[in-house]
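# Fold and contact review
Listed below, chain by chain, are the residues.
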Amino acid sequence: MNEHAGHEELARRVREAKVRLGGNCLILTHHYQRPEIVALGDARGDSLGLSRLAASSGARHIVFCGVRFMAESAAVLARGGQTVHHPDPFSGCPMSDMADVEDVERAASELDDACGAGAWLPVTYVNSSAEVKALTGRMGGACCTSSNAEKIVRWALGGGKKVLFLPDENLGANTGARLGVDPREIVRWDYSLPSGGNDPDALRSARVILWKGYCHVHTLFTAAQVDDVRARFTGARVIVHPECSPEVVTRAGESGSTEFMVRYVESAPPGSTVVVGTELNFVRRLAAEHPDRRVVELARSMCPNMFKITLAKLLATLEGLPDANLVTVPEDVRRDARDALDRMLALS
Ligand code: SF4
């Protein structure tokens, strides 16, 4: 079966495969997936919520329709005997790739030299590789999501530590602003430069150090677009994802994770207009599911990596179980990455 077969035929064969597999297989779909993939999934949600759902289910095979780091997180949290499968092994996340484990190890050594070992902790967004999560776990740090970043950063700062926030500079900057961190105590770590491009004094006086990574889907949004939609839709509420720049977050007035956005639209009064600044597939689905509200995208911005998961690849994975597109994480990496995720879950 190839990509050019009709959607109806592919969808029919996916449904047949699901019936054959029964309760042995669980198809998880991230909010940003194509509509035809979400329609065939058993559950949809954000990456961590789906991974936790998988681990608590009785299914032997988890087919994760999302990007690579999400499938890896599911493998890290999986129960013994569960296998995780990713329909396109080349569906990665550029933001996750911006924090290469060797660059993070070098940054750790340079921060130790400048500030002293034990003076800082890594807080790692779940949009990161299993290796970087594992390094975070070994160093006593924690993972975070866009929902709980404030809690996790507050925990680290509250212990008197500096925070190396990675890999998303904008989520870190927006979180620091919400926590009231003095902007003069926030520096940026450019991983292509020695000491991240900072002099040792700046690192010693910093409280938050932001890794220079970003999501191109969310940095596409601008403050001018927010002004423009406010002019076009009088009285509209505007909500954006915290991976947007601080300027866009400030201008929008509201920001939150995808799960927060779902609740935000649900609680908006019928007849109201909500402008949403995040991935287009998700915004279009929100609009379709809330026809009594006007839900509009801030601008058209899609994640091409999420888009790589197609019906043909999902079908090939289901028909190739238990071996097709298997996601494996070395045991030592799995154990340490799990520590960073468990620390986050305990704190939130
Ligand atoms: S939307 Fe951005 S952060 Fe999410 S998978 Fe795509 S590139 Fe990565």
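Residues numbered from 1 in each chain as written. Predicted model: local features only at pLDDT ≥ 70, side-chain atom pairs only at ≥ 80, totals over all residues. Heavy atoms only, no water.

A few words now on the domain arrangement of the protein. By the assigned domains, the protein splits into domain 1 (7-92 + 306-330), domain 2 (96-214) and domain 3 (223-297). Buried surface at the junction of domain 1 and domain 3, summed over both partners, amounts to about 810 Å²; 44% is from carbon and sulfur atoms. For the domain 1 face of the interface with domain 3, the top three residues by lost area are His-31, Tyr-32 and Arg-44, together amounting to 69%. Remark: the boundary between domain 1 and domain 3 carries 1 salt bridge. Taking the shortest distance from any N to any O, the salt bridge between Arg-44 and Glu-289 comes out at 2.8 Å. The interface formed by domain 1 and domain 3 holds 7 residue pairs in polar contact (both at pLDDT 80 or more) in total. If you list the elements that add at least two residues to the side of domain 1 that touches domain 3, you get helix H2 (35-38) and strand E2 (43-45). Of the residues assigned to the side of domain 1 that touches domain 3, the class counts are 4 nonpolar, 3 polar and 3 charged. (Domains from an automatic or database assignment. Buried area = accessible area lost by both parts, 1.4 Å probe. Salt bridge = Lys/Arg side-chain N within 4 Å of Asp/Glu carboxyl O. Polar contact = N/O pair within 3.5 Å; in protein donor to acceptor, adjacent residues only side chain to side chain. Helix = DSSP H or I, 4+ residues; strand = E, 2+ residues; numbered from the N terminus. Nonpolar A, V, L, I, M, F, W, Y, C, P; charged D, E, K, R; others polar.)

Another point: helix H16 (residues 331-347). For H16, spanning 17 residues, the distance from its first C-alpha to its last is 24 Å, which sits close to the expected 24 Å at 1.5 Å a residue. Buried within H16 are the following residues: Val-333, Asp-336, Ala-337, Ala-340, Leu-341 and Met-344. One face of H16 carries all of its buried residues, which in axial projection span an arc of 135 degrees. (Expected span 1.5 Å × (residues − 1). Buried < 20%, exposed > 50% of the residue type's maximum accessible area, 1.4 Å probe, protein only. Arc of directions from axis to C-beta.)

Spatially, E2-E1-E3-E4 is the arrangement adopted by the 4 strands of the open sheet, whose pairing is parallel. A strand with exactly one partner marks an edge of an open sheet, and here the two such strands are E2 and strand E4 (83-85). Neighbouring strand axes in the sheet, compared pairwise and without regard to direction, differ in orientation by 25 degrees on average. (Pairing = 2+ DSSP bridges. Axes fitted to C-alpha atoms, helices over the stretch in contact; angles between N-to-C directions.)

Contacts to the ligand come from Tyr-32, Val-67, Cys-93, Pro-94, Met-95, Asn-127, Cys-215, His-216, Val-217, Glu-243, Cys-303 and Met-306. For the shell around the ligand, the class distribution of residues is 9 nonpolar, 2 polar and 1 charged. (Near = heavy atom within 4 Å.)

Moving on, we get to the pattern of salt bridges. Across all of its chains, the model carries 24 salt bridges by this definition. A salt bridge links Arg-204 to Asp-201, with the nearest nitrogen and oxygen atoms 3.0 Å apart. Note that Arg-204 and Asp-201 are positioned in helix H10 (residues 200-205) at a spacing of 3 residues, about one turn of the helix. Judged by relative accessible area, Arg-204 falls into the partly exposed class, the value being 46%. The exposure class assigned to Asp-201 is exposed, which follows from its relative accessible area of 54%.

Attention shifts here to the packing of aromatic side chains. With the rule as written, the count across this model stands at 3 aromatic pairs. Considering the side-chain rings of Tyr-32 and Phe-282, the 6.2 Å spacing of their centres and the 55 degrees angle between planes classify their relative orientation as tilted. Highlighted residues: Tyr-32 in the loop between strand E1 (25-30) and H2 and Phe-282 in helix H14 (residues 280-289), separated in sequence by 250 residues. Residue classification places Tyr-32 among the buried residues on the basis of a relative accessible area of 9%. Between Tyr-191 and Trp-211, the aromatic rings sit 5.4 Å apart at their centres with planes inclined by 15 degrees, giving stacked as the arrangement. With Tyr-191 in the loop between strand E8 (186-189) and H10 and Trp-211 in strand E9 (residues 208-211), this pair connects stretches of sequence that are 20 residues apart. Residue classification places Trp-211 among the buried residues on the basis of a relative accessible area of 0%. The cationic tip of Arg-34 hangs over the ring face of Phe-307; the distance from NZ or CZ to the ring centre is 3.8 Å. (Phe/Tyr/Trp six-rings, centres within 6.5 Å; stacked < 30°, edge-to-face > 60°. Lys NZ or Arg CZ within 6 Å of the ring centre and 35° of its normal.)

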